Number of protein chains: 2
Amino acid sequence: MSEFVRVALDAMGGDNAPHETVQGALDALNGSPALRIILVGQEDALRRQLKKCGYTEDVPVKESEDGSDWDENARLIIVKASELIEMAEPPVAAIMSKRDSSIVRAMQLVRQGKADAYVSAGSTGATLVGGQTIIGRVKGVERAPLAPFIPTEKGTSILIDCGANVDARSSALVQFAKMGSIYYKNAMHKEKPTVAIVNIGAEEEKGNALVKETFPLLRDCPGINFIGSAEARDIPAGVADVLVCEAFTGNVILKMYEGVGRAALHMLKKGLTKNLITKIGALLVKNSVKENLKVFDMSEYGGAPMLGLKGLVVKTHGSATAKEIKNSILQCATFQELAIGKQIEESLAGGSN
Amino acid sequence: MSEFVRVALDAMGGDNAPHETVQGALDALNGSPALRIILVGQEDALRRQLKKCGYTEDVPVKESEDGSDWDENARLIIVKASELIEMAEPPVAAIMSKRDSSIVRAMQLVRQGKADAYVSAGSTGATLVGGQTIIGRVKGVERAPLAPFIPTEKGTSILIDCGANVDARSSALVQFAKMGSIYYKNAMHKEKPTVAIVNIGAEEEKGNALVKETFPLLRDCPGINFIGSAEARDIPAGVADVLVCEAFTGNVILKMYEGVGRAALHMLKKGLTKNLITKIGALLVKNSVKENLKVFDMSEYGGAPMLGLKGLVVKTHGSATAKEIKNSILQCATFQELAIGKQIEESLAGGSN
């Protein structure tokens, strides 16, 4: 392993690429001396954007097929990729056909060992498919889950799986619990993080067939701190550190967070701007309310890692700004420094699977 | 059918029974002259509560086995039930063993044609099990879904199914779409309400196996206004009138509404009471903010009907107050007057099933 953490950034991915991706990369470089970043995308566009951002140093450009070693002194390089995968493209077909896209090229760098991590604000589907097919799963891992941090009143929980594997089996959910525990423990510095399974009631006999099958497996699983079922209504209060669920459910939870939060803010704003009196009141409460409601701002939390792959994959929001891109890249350094991937590999290879 | 709407109220059910249930019943009687209410529960407790509420008229008491006709002049009667089903009891066992519970007795009244509707704030599980086993499904109905109204920025949507039938099949989901459309059309006075299936992406190829199987069936289903997939993030904005989903998903959505709303209010309150300045500001904005955030107050929306049964079943929150009990009872009158049950029966019997 390199002494640096090398991040391949899909510089063309997301609604705000390449300006926010390039700015986020530069901010991350300033934020951590241990980082090297590979901007993957269209050379012209990236050069123009680097100039706009006031970056004057020379940036080496590599062809993606270039076999040479990347570990030079340059902390920032460009790797060419001519194609784009759009958000709405069917992911499997896109990954198969667009071999010169920024997503495929960036993932290949991880696969070839030229980068330690991949970050993208582009197509979630393509990232998930590419993660499993190009980078590949660690031996013993059934499914590689997407595991974002979500804000709670107590701090943060991780929601695992959140979109990578619909219709997963109970054995995969048990692996999610293990991977999530390792990730949470390292990232949040908490010994024995609590693990719960998302359910529609608190009792063991509640749930659908998948949850009923998974519950006793989690209860009897060594090495995790299983506390039982978590009802969705208790998730925002911070009922458990690691919330295990099947991807369809996880995706619904994540999107409800976003949707209800957004709707509540709309209605709050309406209330605050109703008339002159409320507008004066709004001036007095604005900063304090903003500060408190910030916990619902997902951009504070970097991106969602996809766990269990032979390299780190971090997916951030399509609407990510430079701040989110930066946080997602910095997250890779932490992940790598703490050798979370290695720990997951050892746990699942030596585990009860 | 009686010219009155006769509601059997589980007067012992819910966290606040019997004081809120009895008060809610009295308020409902005042609210609609077309109502007759049967309070089902422990005679002593109910009599005491009626007295506390200042109700001085004579209330006839019947044994539950009494075969006589209930259609007397009294608008309020008591039917005795000695047992209680607790919230946490396993529902199937409770329904089987506690035959003299208020839930079982009240449901029997509907089954025997002595009441048109059943209302309870008690155990959801027991109500769902009792609805299917004691009252029974209308011929042709595969599963009887729970279909609450949920608040949106545009008004309300119904979420169907929300807890009655985990692991339902695609054919049941198509029936949910039909039942939900009829219910929404009548209750909200809207021709051709829009129908969407809850999904993890907007495109037809997205989703788990159940959604992928159901999508084309809904697209090709006559008599409903299907508009495609609804992502959870768009639900609070009011993306469709009728939201079709499997019960596990529906339950998670409903509980996330509650949980995120509650957490946002906590954080808002914290922000408003931070210091003297924010407290002054809070006084100026309080009423307007309250008015606007009221859309997230579930108690405004009565209870959730269970559709497709041989009689109306309405389940309201365990923490229901007199206001919610009243709204749930009044809802029964509307349901009955509009013959929603009859329309559902005709639609499913004559439909494509």
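Residues numbered from 1 in each chain as written. Chains lettered and ligands numbered in written order. Predicted model: local features only at pLDDT ≥ 70, side-chain atom pairs only at ≥ 80, totals over all residues.

A. Up close: the overall build of chain A. Across its full length, chain A holds eleven helices and twelve strands. Taken over the C-alpha atoms alone, chain A extends approximately 65 × 60 × 35 Å along its principal axes. Residue pairs in contact within chain A that sit at least 24 positions apart in sequence constitute 72% of those at least 6 positions apart. (Helix = DSSP H or I, 4+ residues; strand = E, 2+ residues; numbered from the N terminus. Contact = placed C-beta atoms within 7 Å.)

B. Focus on the confidence of the model for chain A. Residue and element names in this part refer to chain A. Per-chain confidence: chain A averages 88 in pLDDT, with 93% of residues scoring 70 or above. Taken element by element, the predicted model of chain A shows its lowest mean pLDDT in helix α9 (residues 276–293) (82) and its highest in strand β10 (residues 242–244) (98). The ipTM assigned to the predicted complex is 0.83, against a pTM of 0.86. (pLDDT = per-residue confidence, 0-100.)

C. Molecular detail of the environment of A:Gly113. Residues and elements named next belong to chain A. Within the fold, Gly113 resides in the loop between α4 (102–111) and β5 (117–120). Judged by the 14 C-beta atoms lying within 10 Å of it, Gly113 falls in the partly exposed class. In the structure, Gly113 is positioned 141 residues away from Leu254 in sequence and 32 Å away in space, judged by C-alpha atoms. (Buried ≥ 20, exposed ≤ 12 C-beta atoms within 10 Å, placed from the backbone.)

D. Molecular detail of the packing of α9(A) against helix α8 (residues 247–272) of chain B. One way to put it is that α9(A) packs onto α8(B) with a least axis distance of 8 Å and a crossing angle of 145°. In the packing of α9(A) onto α8(B), the handedness of the crossing is right-handed. Residue-level contacts link A:Val285, A:Ser288, A:Val289, A:Glu291, A:Asn292 and A:Leu293 of α9(A) to B:Ala264, B:Met267, B:Leu268, B:Lys270, B:Gly271 and B:Leu272 of α8(B). Residue classes in the contact of α9(A) with α8(B) are distributed as seven nonpolar, three polar and two charged. (Axes fitted to C-alpha atoms, helices over the stretch in contact; angles between N-to-C directions. Left-handed = near helix turned anticlockwise from the far one by under 90°. Nonpolar A, V, L, I, M, F, W, Y, C, P; charged D, E, K, R; others polar.)

E. Layout of the relation of the copies chain B and chain A. After a rotation of 180° and a shift along the axis of 0.0 Å, chain B superposes on chain A with an RMSD of 0.0 Å. Such a turn and shift between the copies fits a two-fold axis. Considering only C-alpha atoms, the part of chain B nearest the rotation axis is B:Gly281, at 2.0 Å. Both copies present the same face, since 100% of the interface residues in chain B are matched by interface residues at the equivalent positions in chain A. (Least-squares fit on C-alpha atoms with pLDDT ≥ 70 in both.)

F. Structural detail: unusual backbone geometry. Here the amide bond leading from A:Ile160 into A:Asp161 is cis, since omega sits at 15°, within 30 degrees of zero. Summarising the element assignment, A:Asp161 is placed in the loop between β7 (156–160) and α6 (170–188). Cis rather than trans, the peptide bond between B:Ala17 and B:Pro18 has omega equal to 0°. Mapped onto the fold, B:Pro18 is located in the loop between β1 (5–10) and α1 (19–31).

G. Expanded view of the interface of chain B and chain A. In this assembly, 54 residues from chain B lie in contact with 54 residues from chain A. It is α8(B) that contributes the most residues to the side of chain B that touches chain A, 20 residues altogether. Of the residues in the side of chain B that touches chain A, the class split is 30 nonpolar, twelve polar and twelve charged.

H. Structural detail: the sheet that holds strand β4 (residues 76–80) of chain A. All names here are of chain A. Read across the open sheet, the seven strands follow the order β3-β4-β2-β1-β5-β12-β11; overall the sheet is mixed. Two strands close off the open sheet at either side, each with one partner strand: β3 (61–62) and β11 (304–306). Sheet topology places β5 next to strand β12 (residues 312–315); four bridges connect them, and they run parallel. By the bridge assignment, Ser120 is partnered in β12 with Lys315. Along the sheet face, α4 touches β1 (5–10), β2 (35–41), β4 and β5 and points at about 165° away from the line of β1. (Pairing = 2+ DSSP bridges.)

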